[in-house]
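# Coordinate inspection notes
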Amino acid sequence: MDPRWIIPFAANLLLAMVAGEANHYLAPYGCSILLSGLALPVAGLRLSLRPGLLAMALTGLAMDALGPTAFGANAVLLMAGLLVLHSIRHRLVRDGATAHVVVALLANLVIFVTQPMLGGGLFAYAAPTPGRIVMDLLLSQIVLAAAALWFFAIQERALVLWGVNLTEELRNHR
Amino acid sequence: MPKLRFDQARPFLLLGVVVGAWLIVPLVVKSLMRASFFELQAPMIAGASYTRDLQDFWSLRTRSKVEMIEAGRDLARLNASYQLSVQQLETLRQEIRRLEDVLRLPPRAEFRFEVARVARRDFNTWWQRIVIRKGRDHGIPVGAPVVFSGGVVGRITEVHAYTSVVDLVSSPTMRLSATVEGDTRPFAFQGGPNPPFRSPRGSVEFVPLDIFANSAAPKKLVTTGLGGVFPPGLTIGSVVHLEPSTDGLFKSGQVFLDQRLSALIEVTVLVPITTD
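Conventions and cut-offs
In this numbering scheme, every chain counts its residues from 1 along its sequence in written order. Labels follow written order: the first chain is A, the first ligand is 1, and so on. Only residues with pLDDT of 70 or above have their local features reported here, since the model is predicted, and side-chain atom pairs are shown and tallied only from 80 upward, although totals for entire chains, interfaces and linings are computed over all residues. Water and hydrogen atoms were dropped before computing side-chain values, which therefore reflect all heavy atoms in the structure. Runs of H or I in DSSP of at least four residues are treated as helices and runs of E of at least two as strands, each being numbered from the N terminus. The atom set for the radius of gyration is the C-alpha atoms, and the globule formula is 2.2 Å times the number of residues raised to the power 0.38. Relative accessible area decides the class of each residue, using a 1.4 Å probe on protein chains only: under 20% of the type maximum gives buried, over 50% gives exposed, and in between gives partly exposed. Here a cavity denotes a set of grid points, spaced 1 Å apart and computed over the protein atoms alone, in which a 1.4 Å probe fits but from which it cannot get out, and a pocket denotes an open set meeting protein on both sides within 12 Å along at least five of seven lines; residues with an atom within 4 Å of a point are reported as lining. Grid points are joined across faces, edges and corners, and a volume is the space filled by probe spheres set on the points. The nonpolar core is taken to be a set of buried Ala, Val, Leu, Ile, Met, Phe, Trp, Tyr and Cys residues, with the residues joined through side-chain atoms within 4.5 Å. Any two residues whose heavy atoms approach within 4.5 Å are treated as being in contact. Axes here mean lines fitted to C-alpha atoms, for a helix over just the part in contact, with angles spanning 0 to 180 degrees between N-to-C directions. Oblique is the label for every angle not falling under 35 degrees (roughly parallel), over 145 degrees (roughly antiparallel), or within 65 to 115 degrees (roughly perpendicular). Helix crossings are classified by the rotation of the near helix relative to the far one: an anticlockwise turn of less than a right angle makes the crossing left-handed, while a clockwise turn makes it right-handed. Note on definitions: salt bridges are taken to be side-chain nitrogens of Lys or Arg within 4 Å of carboxyl oxygens of Asp or Glu. The buried area of a pairing is the accessible area, by a 1.4 Å probe, that goes missing from both parts when the two are put together, added over both. Polar contact is the term for a pair of N or O atoms within 3.5 Å; when the atoms are in protein, one must be able to donate a hydrogen and the other to accept it, and sequence-neighboring residues count only if both atoms are side-chain atoms. Each residue is assigned to one of three groups, with Ala, Val, Leu, Ile, Met, Phe, Trp, Tyr, Cys and Pro labelled nonpolar, Asp, Glu, Lys and Arg labelled charged, and all others, Gly among them, labelled polar. Strand pairing is assigned whenever DSSP identifies at least 2 bridges connecting the two strands. The residues that make up patches have over 30% relative accessible area and no salt bridge, and they are joined within 9 Å when like-charged or within 5 Å when they are Val, Leu, Ile, Met, Phe, Trp or Tyr. Surface exposure here means Shrake-Rupley accessible area, sampled with a 1.4 Å probe, where a residue is shielded only by the protein chains that are shown.

Further remarks concern the overall build of chain B. Each helix and strand counted, chain B has 3 helices and 12 strands in total. In terms of overall dimensions, chain B is more spread out than a globule: its C-alpha atoms have a radius of gyration of 24 Å, far above the 19 Å expected for 276 residues. Each principal axis of the C-alpha atoms in chain B carries an extent, and together these give about 90 × 60 × 45 Å. Expressed as a percentage of the 276 residues in chain B, the buried residues total 39%.

Here it is as structure tokens:
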């Protein structure tokens, strides 16, 4: 059992549960948060390609199973995001916190705006009010920025405890 | 001329191959995988819901006996009035059956009431759904209507072993046939858009021109029973604004839904009773 995909996948499931509970309590106030962008940075910047792709595929399928989006759509989106990260990561400071947080914020923005396009025609129905889109996006990015370092630290600590050499992973490309 | 390097494009080509292969995977395999991934996360959803119930129980334990006695007394009065209403409804039901026999009308749809706790609310920017703690094990079918004391909640869209997903009436993906109370002419209701920090909303289209409503004199919106999903006469919301549509043939407007939709704790699924 390769911990390099199990730990990111398990961490993303935990993230989905925490975000789901937060949205349960935010529902009476008419707002919600989306934190899916947090799934990408550790897998994209610290791990080699294959375990990262597997972790993103499983995370995306888990996201699709809970929502009305087409099954596999978020998986393809996350895998594509991971491949983009892998192709540009030699230009980034891969073990720096700033790069991780910026990548997470950008990835979250892309995932947020593409959700209705993944839903098999969700956008064909009544579009949400601009105020709702701005409020949810702003709230999501603020919560993401606040929780990012904690979430990345959990994953990296778990990987190190399970015997993964993160320095060796940085040198590997596959 | 230097050779073109394709090694950086190889992973993207591989992703393209994976996507192509995924598109030709049979639907039954995708459905099975979707159900599996949902059931993988269902224990966490249900567990969090049970934890909330436990938290509520222990917070109620801190209340004084006098508070509990007063609450019990108020509930007893409410129960007494409901029991009277139930007796009246039973009389009306028998009268309807007698008239159906006399006039040889087809019988009305009968339902079994399945009460379920709400495990999770998913009210994001693009859709509004809830997960309830009853599923296939309790005989819940896909497409069953869901109601609460304030009227329509939504419709069951997915059924799993011990959980089900309900598409809410305030979701932009929900469309119903509706009419104004006291009228029989149907028109279209659609959920959303829902602004932040406001009660849930909906909109109506193809409303006849002789129907008027505004915030000072709203009209109650109810189900028509067309389509055979929702029984007729269930409350959807209040039409608070109507204006002529661009073509001038009908009106369209805004509907305010019950505020309690955003904070539901318990709902009732109407399971159709099929007579074989």
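This part covers the layout of surface pockets. Residue and element names in this part refer to chain B. If you add up the space inside the largest pocket, you get close to 1800 Å³. Lining the largest pocket are 40 residues, with L89, R93, F113, L234 and L270 sitting closest to its centre. Counting only elements with at least two residues in the lining of the largest pocket, the list comes to α3 (65-103), β1 (111-123), β3 (145-148) and β12 (266-272). Counting residues per element, the lining of the largest pocket draws most heavily on α3, at 10 residues.

It is worth spelling out the nonpolar core at this point. When a protein is soluble and globular, its nonpolar side chains tend to lie buried together. Membership of the largest hydrophobic core comes to 39 residues, with the highest contact counts inside it found for V153 and F189 of chain B. Per-element accounting of this core gives the leading share, 4 residues, to strand β4 (residues 151-159) of chain B. Apart from residues no more than four positions distant in its own chain, V153 of chain B is found in contact with I130, V146, V147, F148, V166, D167, L168, V169, L261, L264 and V267 of chain B. L34, L40, L45 and L49 of chain A belong to the second-largest nonpolar core, a separate cluster that totals 22 residues.

Bringing the packing of helix α5 (residues 97-114) of chain A against helix α6 (residues 130-161) of chain A into the picture now. Residues and elements named next belong to chain A. Interaxial distance between α5 and α6 falls to 9 Å at its minimum, and their mutual angle equals 140 degrees. Considering the angle they form, α5 stands oblique to α6. Along this stretch, α5 crosses α6, giving a crossing that reads as right-handed. On the side of α5, the interface is formed by A97, H100, V101, A104, L105, N108, L109 and F112, while α6 contributes I133, D136, L137, S140, Q141, L144, A148, L149, F152 and E156.

Now for the pattern of salt bridges. All names here are of chain B. Counted by the stated rule, this structure contains 19 salt bridges over all chains. A salt bridge links R133 to D53, with the nearest nitrogen and oxygen atoms 2.9 Å apart. On the criterion of sequence distance, the pair formed by R133 in the loop between β2 (128-132) and β3 and D53 in helix α2 (residues 27-61) is long-range, its members being 80 residues apart. Judged by relative accessible area, which is 14%, R133 ranks as buried. According to the relative accessible area criterion, D53 is partly exposed, its value standing at 22%. Among the charged side chains, a network of salt bridges with common partners joins D53, R117, R133 and E266.

Each side of the interface is counted separately: chain B has 42 residues, and chain A has 49 residues. When the buried surface of chain B facing chain A is broken down by residue, R34, T125 and W126 of chain B rank first, second and third, together holding 17% of it. Linking chain B with chain A are 2 salt bridges. Across the salt bridge formed by R120 of chain B and E21 of chain A, the nearest N and O atoms sit 3.7 Å from each other. At the surface where chain B touches chain A, the tally comes to 13 residue pairs in polar contact (both at pLDDT 80 or more). In terms of residue count, the dominant contributor to the side of chain B that touches chain A is α2 of chain B (12 residues). For the side of chain B that touches chain A, the residue count by class is 23 nonpolar, 10 polar and 9 charged.

Along any regular strand the residues' side chains alternate between the sheet's two faces. Residues and elements named next belong to chain B. Burial of the side chains of β3 extends over both faces: P145 and V147 are buried on one face and V146 and F148 on the other. The antiparallel hairpin formed by β3 and β4 contains 2 residues in its connecting segment. Here β3 pairs with β12 via 2 bridges, running antiparallel. The residue of β12 that forms the bridge with V147 is T268.

Take a nonpolar patch on the surface next. A contiguous nonpolar surface patch, about 280 Å² in accessible area, is contributed by V84, I88 and L92 of chain A together with F12 of chain B. By the element assignment, L92 of chain A lies in the loop between α4 (73-88) and α5. The class of L92 of chain A is partly exposed, set by a relative accessible area of 30%.

Next up on the list: unusual backbone geometry. Residues and elements named next belong to chain B. Residue P193 is bonded to the preceding G192 through a cis peptide linkage, with omega at -10 degrees. Structurally, P193 can be placed in the loop between β7 (187-191) and β8 (201-207). We note that F197 has phi near 55 degrees; this positive angle belongs to a residue other than glycine. By secondary structure assignment, the location of F197 is in the loop between β7 and β8. Judged by relative accessible area, F197 falls into the exposed class, the value being 52%.

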